[in-house]
Amino acid sequence: MNIILFGPPGAGKGTQAKKLVEFYNIPQISTGDILRANLREGTKLGLAAREYMDKGELVPDEVLIGIIKNRLKEDDCENGFMLDGYPRTVPQADALAGILEEIEKPIDIVLNFEVPDEALVSRIGGRLMCKCGASYHKTFNPPKEEGICDACGAEVYQRADDTEEAVKNRLDVYKNQTQPLIDYYEKMDLLKTLDGTKDIEVVFEDIKAILAEFA
Ligand code: AP5
Ligand code: MG
Ligand code: ZN
């Protein structure tokens, strides 16, 4: 099962990906998490990405294409994978098509999370993140123990790009550069749009129902 989780910032891609990883036993490939891990480790890639990420701009395509190309060739992608936060531009989608053709792993479905802007802003405004990639919300989905990640026990924090200014920019960037991919995948008959405004558990059930025909 080769899946793309698609949608605007704050739509719930990361939240659902963590649940799907457990359920289907396929890896989540979150380009945002990969970039943040590089930032934490102070790699050259992380340092180069920081200025884009903090402002809510996209990191250049060639950087992301390189990351994805290497990641998809790893052994754990053998039985499927979930892309979270990639592709975000038409050149990234075109490059992905080329890579997947080469490794003979076509995309089965693109799950498009639909959530209105007001909800995205309040979700991102209250988000708490863990370095393991787990995502919480102060009100909608708090960790069981305040300030501590349920999954790994580390301290949760607010993401550097979850400021009001950066969020506004991320929503604009999404509309201008990423949203055109909805048409792109619709034309390929791969797009499945879902209502991302429902409760986390309900969205999860909806996704499982959609994916049942592939499992
Ligand atoms: P990235 O990390 O991918 O951020 P994003 O796309 O902006 O998406 P988010 O992580 O903000 O949203 P999400 O859909 O995962 O929502 P979540 O589940 O956390 O990218 C960050 C940056 O990296 C980019 O700006 C860019 O600079 C760079 N980058 C990454 N990939 C790139 C690429 N391919 N090309 C170029 N640059 C790239 O949920 C959000 C909140 O809502 C949480 O608090 C959660 O608890 C809550 N929530 C989730 N679901 C629900 C629900 N159903 N009801 C109520 N609350 C909910
Ligand atoms: Mg995310
Ligand atoms: Zn954690």
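Notes on the structure in this doc start here. Because the structure is predicted, anything quoted here is derived from the model rather than measured. (Residues numbered from 1 in each chain as written. Chains lettered and ligands numbered in written order. Predicted model: local features only at pLDDT ≥ 70, side-chain atom pairs only at ≥ 80, totals over all residues. Heavy atoms only, no water.)

### Some thoughts on the site of ligand 1
Around ligand 1 lies a shell of 35 residues, among which T15, E57, R88, R127 and S135 are the nearest. The backbone of E57 places a nitrogen or oxygen atom 2.6 Å from an oxygen atom of ligand 1. Between ligand 1 and G85, the relevant distance is 2.9 Å, taken from a nitrogen atom to a main-chain nitrogen or oxygen of the residue. Considering ligand 1 on its own, with 1,000 Å² of exposed area, one finds that the protein chains cover 96% of that surface. Only α1 (13-24), α2 (31-41) and β6 (135-137) provide two or more residues apiece to the shell around ligand 1. If you tally residues by element for the shell around ligand 1, the top one is α2, at four residues. (Near = heavy atom within 4 Å. Polar contact = N/O pair within 3.5 Å; in protein donor to acceptor, adjacent residues only side chain to side chain. Areas by Shrake-Rupley, 256 points an atom, 1.4 Å probe, with all protein chains shown as cover. Helix = DSSP H or I, 4+ residues; strand = E, 2+ residues; numbered from the N terminus.)

### Side note on the environment of D161
By the element assignment, D161 lies in the loop between β6 and α7 (164-178). Once the C-alpha coordinates of D161 and N38 are considered, the two residues, 123 residues apart in sequence, prove to be 15 Å apart. Every residue in contact with D161, bar those within four places of it in the chain, is listed here: M53, D54, A166, V167 and R170. Looking at D161, its side chain comes within polar contact range of the side chain of R159, at 2.9 Å. (Contact = heavy atoms within 4.5 Å.)

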